[in-house]
Amino acid sequence: MENLDSVDLEKMKILKDYLKNFKDKPRVESNLITILHKVQDIFGYLDRSALEEVAETIQVPTSHIWGVATFYHYFKLKKPGKHIISVCLGTACYIKGADEIIAKLKEELKTDVGGVSPDGLFSLEEARCLGACSLAPVVMIDGKVYGNLTPQSVTQIIKEYKSKHK
Amino acid sequence: MTTPIDVLYKKKLQAIDRIYNKTYFSDKIIYVGMASCEIAAGSKEIMEIFKDAVKKGTIMTYVTQRGCVGLCSVEPTVDIVEKGKMSVRYINVNAEVAKKIIEEHLKKGQIVKEHAYFGAKEKSIVICQGAFCLNSENQRIIEAFKENIENNNLKDKVEICFSGCLGMCNEGPIVIVYPDNIAYTKLKAEDVKLIVERHLIEGKPVEELNILKNGKPRFIKVFGTIDKFYKQKRIVLRNCGLIDPENIDEYLAVRGYESLAKVLTYMTPQQVIEEVKKSGLRGRGGAGYPTGIKWELTAKESSDEKFVICNADEGDPGAFMDRSTIEGDPHSIIEGMIIGGYAIGSNKGIIYIRAEYPLAVERLNIALEQAKKEGFLGENILGSGFSFDIEIRLGAGAFVCGEETALIHSIEGHRGMPRPRPPYPSVKGLFDKPTLVNNVETWANIPVIIISGSEWFSEIGTKRSKGTKVFALAGKVKNTGLIEVPMGTTLREIVYEIGGGILNDKKFKAVQTGGPSGGCLAEEHLDTPVDYESLVSAGSIMGSGGMIVIDEESCMVAVAKFFLEFTQDESCGKCTPCREGTKRMLEILTRIVEGKGQEGDIEKLERLGDMIKKASLCGLGQSAPNPVLSTIKNFREEYEEHIKNKKCRARFCTNLLTYEITDNCTGCTACKKVCPVEAISGSPKQKHLINQQICIKCGACWRVCRFNAISRS
Ligand SMILES: Cc1cc2nc3c(=O)[nH]c(=O)nc-3n(C[C@H](O)[C@H](O)[C@H](O)COP(=O)(O)O)c2cc1C
Ligand code: FES
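This structure is a prediction, so every number in the text was calculated from the model and none was measured. (Residues numbered from 1 in each chain as written. Chains lettered and ligands numbered in written order. Predicted model: local features only at pLDDT ≥ 70, side-chain atom pairs only at ≥ 80, totals over all residues. Heavy atoms only, no water.)

This part covers the packing of helix α13 (residues 330-344) of chain B against helix α14 (residues 358-373) of chain B. Residues and elements named next belong to chain B. Packing of α13 against α14 leaves a shortest axis separation of 9 Å and a crossing angle of 55°. Here α14 runs oblique to α13, going by the angle between their axes. Relative to α14, α13 is oriented so that their crossing is right-handed. Residue-level contacts link Pro330, His331 and Ile334 of α13 to Arg363, Leu364, Ala367, Leu368, Gln370 and Ala371 of α14. Residues that form the contact of α13 with α14 fall into these classes: six nonpolar, two polar and one charged. (Axes fitted to C-alpha atoms, helices over the stretch in contact; angles between N-to-C directions. Helix = DSSP H or I, 4+ residues; strand = E, 2+ residues; numbered from the N terminus. Parallel < 35°, antiparallel > 145°, perpendicular 65-115°, else oblique. Left-handed = near helix turned anticlockwise from the far one by under 90°. Contact = heavy atoms within 4.5 Å. Nonpolar A, V, L, I, M, F, W, Y, C, P; charged D, E, K, R; others polar.)

This part is about the site of ligand 1. Residues and elements named next belong to chain B. Contacts to ligand 1 come from 18 residues, most closely from Gly285, Lys294, Asn438, Asn439 and Thr442. Contact between ligand 1 and Arg284: an oxygen atom at 3.3 Å from a main-chain N or O atom of the residue. Backbone polar atom of Gly285 to an oxygen atom of ligand 1: 2.7 Å apart, as the coordinates give it. For ligand 1, the accessible surface in isolation is 610 Å², of which the surrounding protein chains cover 89%. At three residues, the largest contribution of residues to the shell around ligand 1 is made by strand β15 (residues 435-439). In terms of residue class, the shell around ligand 1 is built from three nonpolar, nine polar and six charged. (Near = heavy atom within 4 Å. Polar contact = N/O pair within 3.5 Å; in protein donor to acceptor, adjacent residues only side chain to side chain. Areas by Shrake-Rupley, 256 points an atom, 1.4 Å probe, with all protein chains shown as cover.)

Residue and element names in this part refer to chain B. Its place among the elements puts Gly164 in the loop between β7 (158-163) and β8 (175-178). Given a relative accessible area of 6%, Gly164 falls into the buried group. On a C-alpha basis, the gap between Gly164 and Lys463 in space is 27 Å, while along the polypeptide they are 299 residues apart. Every residue in contact with Gly164, bar those within four places of it in the chain, is listed here: Cys128, Gly130, Lys221, Phe223 and Leu242. (Buried < 20%, exposed > 50% of the residue type's maximum accessible area, 1.4 Å probe, protein only.)

Before going further, it helps to examine helix α22 (residues 601-615) of chain B. All names here are of chain B. Taking 1.5 Å of rise per residue, the 15 residues of α22 would be expected to cover 21 Å, and the 21 Å separating its terminal C-alpha atoms lies within 8% of that figure. Within α22 the residues assigned to the buried category are Asp601, Ile602, Leu605, Leu608, Gly609 and Ile612. Buried residues of α22 fall within an arc of 130° about the axis and therefore sit on the same side. Away from the buried face of α22 by more than 90 degrees, exposed residues Arg607 and Lys614 are located. As for α22, its buried residues are in contact with α21 (576-593), α23 (619-623) and α24 (626-645). (Expected span 1.5 Å × (residues − 1). Arc of directions from axis to C-beta.)

This brings us to the nonpolar core. Across soluble globular proteins, you tend to see nonpolar side chains buried next to one another. Judged by nonpolar contacts, the single largest core of 144 residues is most densely connected at Ile85 and Leu105 of chain A together with Tyr257, Trp295, Ile353 and Tyr639 of chain B. Ignoring any residue separated from it by four or fewer positions in sequence, one finds Ile353 of chain B in contact with Ala312, Ile326, Ala360, Val361, Leu364, Ile392, Arg393, Leu394 and Gly395 of chain B. One finds Met12, Leu32 and Val39 of chain A together with Ile350 of chain B within the second-largest nonpolar core, a separate group that totals 49 residues. (Core = buried A, V, L, I, M, F, W, Y, C linked by side-chain atoms within 4.5 Å.)

This part covers the domain arrangement of chain B. Each assigned domain of chain B is listed here: domain 1 (19-255), domain 2 (264-457), domain 3 (468-554), domain 4 (557-645) and domain 5 (657-712). Measuring from the centre of the C-alpha atoms in domain 1 of chain B to the corresponding centre in domain 4 of chain B gives 48 Å. (Domains from an automatic or database assignment.)

Here the focus is the state of the cysteines. All names here are of chain B. If you walk through the whole model with that rule in mind, you get zero disulfides over all chains. We note that Cys401 lacks a disulfide partner, and the nearest cysteine sulfur, in Cys572, lies 9.0 Å from it. Accessibility expressed as a relative area gives 1% for Cys401, which makes it buried. No disulfide involves Cys648; its sulfur sits 3.8 Å from the nearest other cysteine sulfur, which is in Cys653. (Disulfide = S-S within 2.5 Å.)

Structure follows, in structure tokens:
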């Protein structure tokens, strides 16, 4: 834990406080996924030293935690970009041309699905149905849904986000 | 002695009082749709505009929220509900429209007609469609109104609308005529003609029928018009879009928790199970297993601990029924689960819900807290001696966790891998204890069955499939949205009457049900009734309720590949047929859509598919080949064209297209500039040419051409 900066230490403290709730709970190991959600909430992804802390508290081998963490798509193992872009690849969006949207985004952001753009600004992810099928094809950026997209309009949206960081 | 039902009635009266107090100063309520889909369409901003107007004192109106009304294609929606008046629904409301509604409707009482979806006609007929009024007489009344209004050419002047429970369940069927605000109670279909002729045409209420002048002095909430709801029946969605899901008082006012009180007061666990069995309810999570029998099996096991689970993992990538139900009416699921717990002898419930549904999770948390506070959850519920508690567990994005044994592993904190059954969860489930797993929609049916009786429920639907089914209707259809139809409704009625037909009047090609485990049905199957057995014999399944309409612009091979990519990706890897088999199938499909298909590929797909279905461990693998096999069965010619002629009739598979420049070309050079591989040559003002050897068929030129000079075939 030697190279944690102060922000990370702060986060670690929040995690430790949260973990206290589980100390003497019966069947504590069954709460693993709930705890991993919390870790991701706090750190933005599953930070390695955080997972070691979890292993310690609920007395589960780290290997088991990694096994679980890698099984579920929802958990991120790498530090994400500043903005998280999820492209819906649900059925409705697929039928209405999500392919073109994702191709455009890969090109614009110079990264593949699951990766982070070289400038560190964007994570590109896939989602399965964001539940806005009537607006298909849709993309969600930091929780905000953009609908009825075309390759042109998505380029425009990315431009706007980029300009915020200039 | 005070019984649970006495306690409940007292709480209900208090709840109604509280609602009245809140709305005491206003004669109107504004309901803004606040389900995930509405929020995505921008309803938060609309909500702020109304709230702001109230804060500034511009209007004296009570502003609140409601769940999804199922009109996804015209969201956001806003309802103005007024005491003694017909409610008005506005659709496609943006900031400008919202301000107009405030200025014209709320301040001056003038309806903004261009945006009104209902409530703007000269007269309105409101027919109660509360779950407790839905019977065959009610249906005949609707038909009688429809017929008489058409026969008398009143369609432009009169609209027929449907309301949720009016709270006069003993007086049903009920019809209210607006703006006169006159209610006809205990109405019979044969009297409808009289109402139309005397009341609607001559303007004289029919005094000799059972009428209530000044119909109902309260707020009447309408959910839709006859156009979209004629073929629908709302049992599961009975409160969705009508009540504020974050306020337990509104649920209590529409007979919420009455079933629970009834069960705890008058029924033994055995009687509850008997009632569910007799209703004929089958699981809505996909497999359609009889719910009552599952309950009986779990009840029979003796154990120191049992569990009740609500499966809200909704993994089908084109479906949002369970999410909308939870977002719109969370208490109905909680009530169902408590009743289930009482029936099987369990004190602990768990709702396993996708982490991707943050709003649904939030509403469930609020609902659980309110239910605890009111004494519907916790120790000694309503003084009955029965205790039950519910906890929420989040999924983490794994489709296979919808499968019940995988779901149980996930709740236990493990990788969500399924295991062979038997033993079924009813014998050995969560922490190896007997466990009852049911789907969200299954649970939501329980309170209605208890309150209205199994006999009433089993009258709805077909011989072997009872009740209704909720579908998320999406894809290339005009009215996308959440619908609920009686079992036995045909696919044609859903696609053309409720869905309004194909978008842009294109040609229908297929309808996909059952998501990645289901199949695609063609034109000739459109008259298949929606019930478990009929859909299976047509080559698909009921599934959990995703329904995607596909038109001529989509390629069936690509659709099959889409679903297989999904299942291949989601295969947990535990068993070989599913892990390796789906991979091989996907390779074959990929080469077919890329134009590299070989003679015999179709047969190979069939053979592999058959083997995977037979040999896989769980339902995921056993059903994964379905989309491929059903498209081969129903659209074999498309596969053959891809393989033999290297053609995709939908012009969807880019690798099979040829782009050519026609004589329309003006030499504007736009195409040449966008071509990423410099395959286009030509000088300005001259016809350009595409070098087919270099072309990668990306379609960029075709998209930029403004002169329709590039042909794609
Ligand atoms: C791959 C797979 C995914 C499933 N996904 C769901 C789901 O998302 N929701 C659900 O309720 N049932 C799902 N099921 C069905 C469950 O295993 C189980 O049968 C169901 O929850 C039982 O409830 P019911 O009897 O009320 O339908 C799935 C099954 C399989 C094989
Ligand atoms: S498929 Fe994209 S929002 Fe549903």
